[in-house]
Amino acid sequence: MIEKFIFGDPVETYAVCENLPVSEGTLPYFKNENNTKFTLMLDEEDIVYGLGEQVRGINKRGWKYRACNSDNPNHQEDTTSLYGAHNFFIVSGRRLFGAFFDYAGIIDYDIGFTHRDTMTVTTEDGNICVYIISGESEKDIVKQFRKMIGQSYVAPKWAFGFGQSRWGYKSEEDIRTVASEYKKRGIPLDSIYLDIDYMERFKDFTINGEAFPDFEKLVADLKNDGIHLVPIIDAGVKIEDGYSVYEEGVKNNFFCKDENGKDFVGAVWPGKVHFPDFLKSETREWFGDKYAFLIDKGIEGFWNDMNEPAIFYCEDRLESVMKRVNELSEQNMGIDEFFEFTGLVEGISNNIDDYDKFYHDIDGKKVPHRKVHNLYGYNMMRSAGEAFGRISPDKRILMFSRSSYIGSHRYGGIWQGDNKSWWSHILMNLQLMPSLNMAGFLYTGADTGGFNADATEDLMLRWLQLSVFTPLMRNHSALGTREQELYRFDNCSDCKNIIEIRYGLIPYIYSEYMKAVLKDEMMFYPISFDFRDDEDARNVEDQLFLGNEIMIAPIYKQNARGRYVYLPEEMKMVRMRSLSDYETETLQKGHHYVRAELNELVFFIRKGKAIPIGDSAENTSKLDASWIKLIGYDNATYELYDDDGYSTACNLNENIRVIGK
Ligand code: GLC
């Protein structure tokens with residue numbers, strides 16, 4: 001059952017697709033102070049699941065979080081905001097309920113940070129719509145919620161292959177080299193990503209003709225080899241006379257405005273830019289149609305970036321900071337001046353106060369960005385997603401974004417932003433999977449190997465052993481970091497084996513993903529969701545169920561040659577060195593120390609279950625679906641979903657068959 005409560009006059013987010021009646025009663029569970037602060041007392045045993053893309057554990061208790069989409073390439077334990085705002089959570093203990101605080105602006109959560117037994121949710125202005133969902137289990141609550149927010153985005157099957165990316169591929173030659181190095185070693189590959197350097201001076205919907213003299217041929221040649229090129233699209237549009245996207249945007253009032261009604265100026269990669277006003281339907285349509293420029297050249301996938309939006313600086317702040325810095329530079333800076341100086345410089349980028357300086361036009365109403373901040377990336381996704389429906393109605397287009405809000409899960413996937421080559425970020429990657437699935441984001445994964453900082457071979461191997469299961473499996477790294485294409489490492493054949501295992505598992509991963517999409521379910525979920533009454537299961541923070549069949553428990557500590565795993569029921573442990581070299585062993589319910597060498601992928605098949613596994617191939621288009629066997633418990637069957645992998649129309653019942661009978 002879902003109850004809807006409206007306080008004040010909230011901005012319509014379009015997160016929810018169903019038209020529910022507004023409840024006449026009072027909001028249950030929470031004490032409401034002025035519609036801005038909602039307080040919930042927590043029992044010692046309550047677990048708080050959810051909040052989508054956030055730091056810390058599966059259980060969100062013990063920290064404060066802020067839903068304020070942020071470009072934060074430095075996220076750590078004390079971070080409070082990441083790239084997405086996903087205001088849905090479940091409280092599970094004596095009481096069990098879900099809550100969705102549908103709010104376009106910035107919202108703060110204190111979940112036992114100030115007082116261990118108190119949770120507060122604080123909005124900036126008290127105009128909010130709250131949904132309370134009751135159900136018999138966490139899964140039931142999620143399913144009701146997901147049905148209410150609409151079906152998740154369906155990615156093409158090729159997007160389940162392995163992808164190679166790096167910020168720093170600058171030319172056709174760089175791209176062809178990546179493709180041939182993978183091919184030479186026989187490592188499967190389905191996509192290569194084009195970061196900002198494919199563009200002419202970082203201008204959206206342009207191609208740097210010098211570095212990519214025959215872009216269409218490059219796209220076609222790679223596609224012949226089964227490899228898709230996936231270009232990046234950034235939110236900011238470069239201010240440059242003669243650049244048609246800029247000129248059309250200015251002429252038609254498609255950009256966000258400043259206080260005086262002039263096009264607001266910020267700066268990102270291209271230098272000074274205007275930000276498309278994605279909250280305006282005309283802008284969405286116009287910008288979305290621009291993707292045809294690349295689709296016409298054979299492109300079938302995109303990643304949307306910098307859409308929190310990231311702002312390196314805006315003009316007036318830069319000016320005032322420069323002025324003050326000049327004054328300070330003439331002084332002998334003491335402690336106060338020095339901290340003022342560093343604070344000023346650090347505060348230039350992504351400053352929340354700048355969100356008051358520009359405006360959107362929502363159905364003719366001038367709305368300050370701050371009030372709708374968390375909807376910006378969402379509407380960039382919507383702009384693209386709706387355009388794909390027009391440009392390519394029958395064929396799926398890959399799209400994932402950095403910034404998001406609940407609702408944008410209908411238009412695309414998300415990647416987990418600029419992580420680091422840190423062991424703790426492997427764990428974070430795992431912990432984000434269920435909370436993102438709760439919020440509807442099923443096509444997701446992190447930058448495998450880490451974006452910032454230098455990756456080591458062992459970190460890459462362990463990370464691959466997690467990414468092998470995530471829908472998006474992409475190796476991506478930042479300019480200036482150690483190169484981490486798999487062929488850079490000494491024991492490249494170990495990496496190759498894991499990628500081949502991934503291809504062997506695609507029938508299962510794709511099937512579970514599609515079932516989760518079509519049934520409004522989670523693909524990855526905490527162990528406790530199936531074992532509510534098992535105290536040990538409720539404490540598990542580093543294992544997940546995938547579908548109904550698999551439990552994953554990756555290693556995320558350096559030099560560890562094993563780890564403790566909790567089995568809430570008997571399971572079959574699978575230890576794989578390659579698709580043809582593996583063994584299984586039945587382990588009883590309980591705590592186990594499980595050894596796993598660097599080249600061993602260990603996972604678990606649940607009691608009485610089996611999973612399909614196929615052979616590997618150069619890429620997904622060459623996978624042979626007729627060659628699938630089951631591994632796991634004898635006599636177990638599996639419901640396999642499969643389809644052509646590219647049609648937008650997909651029907652659950654028509655595409656499911658039971659195998660193993
Ligand atoms: C942002 C993106 C990152 C990309 C970089 C350059 O930091 O998050 O993935 O490589 O911009 O475009």
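In this text the structure is predicted, and so the values were computed from the model without any measurement.

Considering the overall build of the chain
Helix and strand counts for the chain stand at 14 helices and 40 strands. At 24 Å, the chain has a C-alpha radius of gyration in line with the 26 Å of a compact globule built from 661 residues. Looking at the 661 residues of the chain, the share that counts as buried comes to 63%. Counting contacts in the chain only where the partners sit at least 6 residues apart, residues at least 24 apart contribute 73% of the total. Approximately 24,600 Å² of the chain is accessible, and the part contributed by carbon and sulfur atoms is 45%. Where the 75 positive side-chain charges of the chain centre and where its 106 negative ones centre are 2 Å apart.

Describing the packing of aromatic side chains
Aromatic ring pairs are described here by two measures, namely the spacing of the ring centres and the angle between the planes. Evaluated as defined, the whole model comprises 51 aromatic pairs. Between F7 and F38, the ring centres sit 5.5 Å apart and the planes meet at 50 degrees, which makes this aromatic pair tilted. One end of the pair, F7, is in strand β1 (residues 2–7); the other, F38, is in strand β3 (residues 37–41), with 31 residues separating them in the sequence. We classify F7 as buried; its relative accessible area is 12%.

Thoughts on the packing of helix α2 (residues 172–185) against helix α3 (residues 215–224)
Where α2 meets α3, the axes come as close as 11 Å, and the angle between the chain directions of the two elements is 5 degrees. Viewed along their axes, α2 and α3 adopt a mutual orientation that is roughly parallel. Listed contacts from α3 to E172, I175, R176 and A179 of α2 are K217, L218, D221 and L222. Broken down by class, the residue content of the contact of α2 with α3 amounts to four nonpolar, no polar and four charged.

Description of the environment of S404
Looking at the element boundaries, S404 is found in strand β24 (residues 404–405). Overall, the relative accessible area of 0% leaves S404 in the buried class. Look past the residues within four positions of S404 in its chain and what remains in contact with it is N69, Y83, G84, A85, H86, N374, Y378, M381, I414 and F441.

Some words on the environment of Q76
When you line up the elements, Q76 lands in the loop between β5 (63–67) and β6 (84–85). The sequence separation of Q76 and M428 amounts to 352 residues, and the corresponding C-alpha distance is 9.8 Å. Non-local contacts of Q76, meaning those with residues more than four positions away in its chain, are made with V55 and W422.

Focus on the pairing of strand β33 (residues 571–578)
The element β33 is extensively covered by neighbouring structure, given that eight of its eight residues are classed as buried. With six bridges connecting them, β33 and strand β36 (residues 601–606) associate as antiparallel partners. Its bridge partner lying in β36, K572 is registered against I605.

Regarding the site of the ligand
Surrounding the ligand, one finds 13 residues, the nearest of these being D195, D305, R402, D418 and H476. A distance of 2.9 Å separates an oxygen atom of the ligand from a polar atom in the side chain of R402. Between the ligand and the protein, one listed contact pairs an oxygen atom with a side-chain N or O atom of H476 at 2.9 Å. Coverage of the ligand by the protein amounts to 98% of the 310 Å² it exposes when considered alone. Class assignment of the residues belonging to the shell around the ligand gives a composition of eight nonpolar, one polar and four charged.

As for the sheet that holds strand β21 (residues 358–362)
In spatial order, the strands read β16-β21-β22; together these three strands make up an open sheet with antiparallel pairing. Each edge of the open sheet is held by one strand with a lone partner, namely β16 (257–258) and β22 (365–368). Note: β16 against β21, two bridges, orientation antiparallel. Directly across from D258, in β21, lies its bridge partner F358.

Brief notes about the nonpolar core
Counting 223 residues, the largest nonpolar core has F30, F89, F101, Y109 and F604 as the members making the most contacts within it. Sort the elements by how many residues they give to this core and helix α13 (residues 492–519) lands first, with 16 residues.

Notes on unusual backbone geometry
With an omega of 0 degrees, the peptide bond running from E308 to P309 counts as cis. By the secondary structure assignment, P309 is in the loop between β19 (301–305) and β20 (313–314). Non-glycine residue N34 carries a positive phi angle of around 55 degrees. As for its placement among the helices and strands, N34 is situated in the loop between β2 (31–33) and β3.

Details of the pattern of salt bridges
By the definition in use, this model includes 61 salt bridges. One salt bridge connects E44 with R116, and the closest N-O pair in it is separated by 3.8 Å. Placement of the pair is E44 in the loop between β3 and β4 (47–50) and R116 in the loop between β9 (107–111) and β10 (118–123), with a sequence separation of 72 residues. Each member of the pair, E44 as well as R116, carries the same accessibility label: exposed. Of the charged contacts, one joins D263 and K257 as a salt bridge, the two residues approaching to 2.9 Å between their closest N and O atoms. Exposure class is identical for D263 and K257. Each is buried. Shared partners join several salt bridges into a network, and the residues in it are D71, D305, E308, R402 and D418.

What about the packing of helix α5 (residues 281–289) against helix α10 (residues 376–391)?
Here α5 crosses α10 at 60 degrees, and the two axes come no closer than 8 Å. As far as their axial angle goes, α10 and α5 are oblique. Relative to α10, the crossing made by α5 is right-handed. Contact with α5, carried on its side by R284, E285, F287, G288 and D289, involves N379, M380, R382, S383, E386, A387, R390 and I391 of α10 and no other residues of that element. Classifying every residue of the contact of α5 with α10 gives four nonpolar, three polar and six charged.

Parameters at a glance
- Residues numbered from 1 in each chain as written.
- Predicted model: local features only at pLDDT ≥ 70, side-chain atom pairs only at ≥ 80, totals over all residues.
- Heavy atoms only, no water.
- Helix = DSSP H or I, 4+ residues; strand = E, 2+ residues; numbered from the N terminus.
- Rg over C-alpha atoms; globule rule 2.2 N^0.38 Å.
- Buried < 20%, exposed > 50% of the residue type's maximum accessible area, 1.4 Å probe, protein only.
- Contact = heavy atoms within 4.5 Å.
- Areas by Shrake-Rupley, 256 points an atom, 1.4 Å probe, with all protein chains shown as cover.
- Lys, Arg positive; Asp, Glu negative; His and termini not counted.
- Charge placed at Lys NZ, Arg CZ, Asp CG, Glu CD.
- Phe/Tyr/Trp six-rings, centres within 6.5 Å; stacked < 30°, edge-to-face > 60°.
- Axes fitted to C-alpha atoms, helices over the stretch in contact; angles between N-to-C directions.
- Parallel < 35°, antiparallel > 145°, perpendicular 65-115°, else oblique.
- Nonpolar A, V, L, I, M, F, W, Y, C, P; charged D, E, K, R; others polar.
- Pairing = 2+ DSSP bridges.
- Near = heavy atom within 4 Å.
- Polar contact = N/O pair within 3.5 Å; in protein donor to acceptor, adjacent residues only side chain to side chain.
- Core = buried A, V, L, I, M, F, W, Y, C linked by side-chain atoms within 4.5 Å.
- Salt bridge = Lys/Arg side-chain N within 4 Å of Asp/Glu carboxyl O.
- Left-handed = near helix turned anticlockwise from the far one by under 90°.

Geometry only, nothing functional implied.
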